[in-house]
Amino acid sequence: TGSTRPQRLLRAVQKKATQGDPQSVIATIDDFCRHSEWAMNVGDEKGLILDSIVSEVNPSTALELGTYCGYSTVRIARLLPPGGRCITLEFNPAYAAVARQVIAWAGIQDKVQLVEGPSGDLIPQMKELFGVQTFDFVFLDHWKDRYLPDAKLLEECGLLREGTVLLADNVICPGTPEYLQYVRNSPRYESRYFKSHLEYTKVEDGLEKSVFLG
Ligand SMILES: O=C(NCCCOCn1ccc2cnccc21)c1cc(-c2ccc(F)cc2)cc(O)c1O
Ligand SMILES: [Mg+2]
């Protein structure tokens, strides 16, 4: 019964990162994934694009679909304005357990609500469970075939407002063709592609930023 990759990533954070310092947690994970074991964090290159868009939106309420080890949760939450919060959904309890400890090590747990379960069940409960009216920012980074149904579900549940920004990871690799086709052709979105690379590799990937027009 050895350790898992997320557990080894957490061990590296607790050994090398400064407690309460989100930037050192981010740097430690990037170093671990680049030099020890690849892992499916959004990474440093796409992370800078994520940072710039989160800073531009300056969200009071952010939603992340796909926590994994909490790397992008920390990137988002460290940039939130005072009183801002990030709700992050994770399907895999083992990933969620690691993410809670990574988020706590970074010292930004007060800005984050990590919820375990499938997005299809949890999104319709956002208003009643968390008192959410609408989201200012949504980061899609979960099952790639759930991006489109969940974007539509967010619309149907009235969780998007005029100007809400959806940012989708992995639109090239592994790829989300149906989602891309939808946001790029729907009159209800203004969409733009940010070319980059799959985390810690030279393989092409990118982020799609889509503004909901109401
Ligand atoms: O698969 C990926 N992410 C998703 C994880 C499961 O998410 C499941 N999940 C998380 C909340 C949640 C809520 N409801 C349902 C499912 C829900 C993912 C994969 C790769 C990748 C690229 C190339 C490869 F050769 C191998 C892997 C890269 C990425 O950046 C990714 O994000
Ligand atoms: Mg991803």
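Placed above this text is the structure.
Cut-offs used in this document
- Residues numbered from 1 in each chain as written.
- Chains lettered and ligands numbered in written order.
- Predicted model: local features only at pLDDT ≥ 70, side-chain atom pairs only at ≥ 80, totals over all residues.
- Heavy atoms only, no water.
- Donors = N, O, S within 2.8 Å, 3.2 Å for Na, K, Ca; no water.
- Helix = DSSP H or I, 4+ residues; strand = E, 2+ residues; numbered from the N terminus.
- Buried < 20%, exposed > 50% of the residue type's maximum accessible area, 1.4 Å probe, protein only.
- Salt bridge = Lys/Arg side-chain N within 4 Å of Asp/Glu carboxyl O.
- Axes fitted to C-alpha atoms, helices over the stretch in contact; angles between N-to-C directions.
- Parallel < 35°, antiparallel > 145°, perpendicular 65-115°, else oblique.
- Contact = heavy atoms within 4.5 Å.
- 1 Å grid on protein atoms, 1.4 Å probe; cavity = no way out; pocket = protein on both sides within 12 Å on 5 of 7 lines; lining within 4 Å.
- Points joined across faces, edges and corners; volume = space filled by probe spheres on them.
- Nonpolar A, V, L, I, M, F, W, Y, C, P; charged D, E, K, R; others polar.

This next bit is on the coordination of the magnesium ion (ligand 2). On the protein side, the magnesium ion (ligand 2) has Asp-141 (OD), Asp-169 (OD) and Asn-170 (OD1) as donor atoms, found 2.0 to 2.2 Å from it. Counting gaps between the donor residues of the magnesium ion (ligand 2) yields the pattern D-x27-D-N. Placement of Asp-141 in the loop between strand E4 (135–140) and helix H8 (147–156) and of Asn-170 in the loop between strand E5 (160–168) and helix H9 (171–175) is noted, with a sequence separation of 29 residues between them. By relative accessible area, which is 13% here, Asp-141 ends up buried. Given the relative accessible area of 3%, Asn-170 is considered buried.

Quick look at the pattern of salt bridges now. The full count for this structure, using the stated rule, is 16 salt bridges. Salt-bridge contacts for Lys-46 lead to Asp-205; the nearest nitrogen and oxygen are separated by 2.8 Å. One end of the pair, Lys-46, is in helix H3 (residues 43–57); the other, Asp-205, is in strand E7 (residues 204–212), with 159 residues separating them in the sequence. Across the pair, exposure class does not vary: Lys-46 and Asp-205 are buried alike. Two residues, Arg-100 and Glu-116, come together in a salt bridge whose shortest N-O distance is 3.1 Å. Here the residue Arg-100 occupies a position in helix H5 (residues 93–106), and Glu-116 occupies one in strand E3 (residues 112–116), the gap between them amounting to 16 residues. For Arg-100, a relative accessible area of 38% translates into the label partly exposed.

The N-to-C vectors of helix H1 (residues 5–16) and H5 enclose an angle of 10°; their axes lie 10 Å apart at closest approach. When the interaxial angle is binned, H1 and H5 end up roughly parallel. Contacts from Pro-6, Gln-7, Leu-9, Leu-10, Val-13 and Gln-14 of H1 reach H5 at Tyr-95, Val-98, Gln-101, Val-102 and Trp-105.

By volume, the largest pocket is sized at about 470 Å³. Along its surface, the largest pocket is lined by 24 residues, and Gly-66, Glu-90, Asp-141, His-142 and Trp-143 are the ones closest to its centre. Mapped by element, the contributors of at least two residues to the lining of the largest pocket are strand E2 (85–90) and helix H6 (119–122). Of the residues assigned to the lining of the largest pocket, the class counts are 11 nonpolar, 8 polar and 5 charged.

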